[in-house]
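Okay, here's what each chain looks like letter by letter:
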Amino acid sequence: MSRLALLVIRLATPPADREWVLGDTIEEYEAHARADGPSAAHFWLLREALRVVAWAPRHRRAIGRARRGLSGTDLMRFLDDLRQDLRYSVRVLLQVPAFSFVVVLTLALGIGANTAIFSVVNALLLTPLPYKDPDRLVRLVENVPAEESPNGRAVRLSTIQQEDFLAWREQSRTLSHMAIYSSPVAMTLSGRGEAVRLNGRRVSPALFAMLGMPPIMGQFFDEHDAAPGANPRIVLSHRAWQRYFAADRNVLTASLILDGRSYAVIGITRPDFEFPDPQTEFWAPLMPTDVPSTGVTRVQMIARLVDGASLESATAEANVIGGRLRGDPASAESGRQ
Amino acid sequence: MSAPLGEFEQIVLFALLRLEADAYGATIRREIESRTGRPLGISAVYTTLDRLEQKGIVRSHIGEPTAERGGRRRKYFELTALGARAVRDAYQAHARMTAGLERRLKAL
C-alpha cells in the first residue's frame with residue numbers, strides 16, 4: 001500500500017476524523033485488492049489521494065469540520081475561497097470566449113511588449129557599460145548632407161575609410177585613445193578536431209587599453225602588434241574560451257590555426273567584455289596599413305574625450321575634420337556621439 | 001416537512017436502510033456502487049452524509065475499535081425518526097409513480 005498516498009489523505013483530514021476516514025480508506029483499498037488485484041487497488045488509492053489533494057477543502061468540509069465550527073479562518077479556508085474564485089473566473093471567461101480571447105491576447109501583447117522594451121532599456125540605459133569611465137567614450141558617426149553625398153541623398157555613416165583614421169588621430173585635439181574596429185569577420189578554426197567558424201573583429205591594438213578592462217587571463221595587444229610583420233596574435237572571448245577550449249588554461253601556450261594561418265592566443269577577456277557585441281569571439285589586430293591583406297576598408301571609430309573636453313566641443317571639431325576629409329570644409333557636417 | 005431529498009440523498013438513505021447496523025462510509029459507498037453500477041468517490045458519500053446529518057435526517061456515532069482495518073474505529077450512520085419518515089415518503093412517491101410502468105419501461 002502506498003504510504004505516501006495514505007499520508008496525503010491523513011494530512012488533508014482534520015485530526016478528529018482521521019481514524020475513521022483512514023479506516024474507511026484502508027478497508028476500501030483491501031476490498032479493491034481482493035476484487036481486482038493489488039495493482040488496481042494501488043491505482044485506486046493513488047487516485048483517491050490525488051482527489052483528496054485537489055479537493056482538500058471540500059474533503060474537510062465533507063467530513064464535518066465546517067459544521068462543527070472548528071477554526072474557520074485557517075489556511076484551508078483561504079485556499080477554498082481562492083479555488084472557488086478561480087473556478088468562477090474560469091467559468092465566466094469560458095462563457096464569453098471571444099472576449100476572453102481578446103483579453104488574453106491584449107495581456108500577452110502588453111506583457112511581451114513591456115518585457116521587450118525593458119530588455120532594451122535595461123541594456124542601453126540602466127546597466128552601465130562595464131568599461132572604464134563609460135560616459136567619456138564616444139563613437140564617430142558621420143552625417144553627410146545631400147549635396148555632398150555621391151548618390152544625392154543625405155546619409156548617416158557609422159564607418160570611416162580606414163586610411164582616414166591616421167588623419168583623425170593627427171588632427172583631433174579633443175579625443176584621445178582613438179581606436180578602430182572592423183565589421184564582423186569570420187575565420188575557420190582548424191587543427192583541433194572539428195573545424196569551427198569563429199566570429200570576430202579586427203581592432204586597433206589600442207582598443208583594449210582604451211576600454212580599460214583588464215583580461216581575465218594573459219594580456220592584450222601592445223604597439224608591436226600594429227607593426228608590419230608582427231607575429232599574428234589573437235585575443236579570445238571568455239565565451240569562446242569556454243565553448244571551444246573547455247576553459248583550458250593551456251590555450252595561452254598553444255597556437256591556433258585560423259584560416260590556415262597560425263595565431264598565438266595571448267589573452268582571454270572577462271565574461272562581461274562584449275565589444276562591440278556579444279557575438280564577438282575573437283579580436284585580431286588591425287593595422288591601418290594592411291588594407292590589402294585583411295580586406296578591411298571601412299571601420300568604425302571610437303575614442304575617449306580628453307580631460308576637460310566636452311561632447312559639444314568634440315562634435316564641433318569633428319565637423320571640421322570630417323568636412324576637410326571630404327574636401328569641403330565649408331559645408332561639412334559630421335557629428336560624434 | 002423539510003426540503004425534498006435529492007436523488008443521490010435518496011440513494012444514500014436506501015443504502016443505510018439496507019445496511020442497517022453496518023452502515024459506515026466504506027460499506028455505504030460499496031453498496032451504492034455495486035447496486036447502481038455508478039463509480040463513486042468516498043468524498044461524495046461523506047459530503048451527502050454530512051448534509052443529511054445537518055438536516056437531521058441521519059445521525060452518526062463512532063464505533064468501538066475492531067480487529068479489522070488496523071484497529072481503526074468506524075463512524076456509523078443511522079436514520080433518525082425524521083429520516084425514517086423522509087425515506088418512507090420518498091419510497092412511496094417512487095412506488096406510486098412507477099406503479100404499472102414496468103411493461104412500458106421494458107418496451108422503451
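These numbers were taken from a predicted model, which means no experiment stands behind them. (Residues numbered from 1 in each chain as written. Chains lettered and ligands numbered in written order. Predicted model: local features only at pLDDT ≥ 70, side-chain atom pairs only at ≥ 80, totals over all residues. Heavy atoms only, no water.)

Caption draft 1: Fine view of the overall build of chain A. Scanning chain A for helices and strands turns up twelve helices and 13 strands. Going through the 337 residues of chain A one by one, you find that 39% of them count as buried. Long-range pairs, those at least 24 residues apart, make up 67% of the contacts in chain A between residues at least 6 apart in sequence. Here chain A has roughly 18700 Å² of accessible surface; of this, 59% comes from carbon and sulfur atoms. (Helix = DSSP H or I, 4+ residues; strand = E, 2+ residues; numbered from the N terminus. Buried < 20%, exposed > 50% of the residue type's maximum accessible area, 1.4 Å probe, protein only. Contact = heavy atoms within 4.5 Å. Areas by Shrake-Rupley, 256 points an atom, 1.4 Å probe, with all protein chains shown as cover.)

Caption draft 2: Structural context of the packing of aromatic side chains. Residues and elements named next belong to chain A. Evaluation of the coordinates by the stated rule reveals twelve aromatic pairs over all chains. The interplanar angle of 75 degrees and the centroid separation of 5.8 Å between the aromatic rings of Tyr131 and Phe273 together place this pair among those described as edge-to-face. Remark: Phe273 occurs in the loop between β10 (261–268) and β11 (282–285) and Tyr131 occurs in the loop between α7 (97–126) and β1 (137–144); sequence separation between them is 142 residues. Here Phe273 and Trp283 contribute two aromatic rings whose centre-to-centre distance is 5.2 Å and whose plane-to-plane angle is 75 degrees, an arrangement assigned as edge-to-face. Within this pair, whereas Phe273 is found in the loop between β10 and β11, its partner Trp283 is found in strand β11, the two being separated by ten residues in sequence. For the pair Phe273 and Trp283, a shared accessibility class is recorded, and that class is buried. (Phe/Tyr/Trp six-rings, centres within 6.5 Å; stacked < 30°, edge-to-face > 60°.)

Caption draft 3: Spotlight on the packing of helix α1 (residues 7–19) of chain B against helix α3 (residues 42–54) of chain B. Residues and elements named next belong to chain B. It is the contact of α1 with α3, at a shortest axis distance of 10 Å, that shows an interaxial angle of 90 degrees. As far as their axial angle goes, α3 and α1 are roughly perpendicular. Contacts from Phe8, Glu9, Val12 and Leu13 of α1 reach α3 at Ala44, Thr48, Leu49, Arg51 and Leu52. (Axes fitted to C-alpha atoms, helices over the stretch in contact; angles between N-to-C directions. Parallel < 35°, antiparallel > 145°, perpendicular 65-115°, else oblique.)

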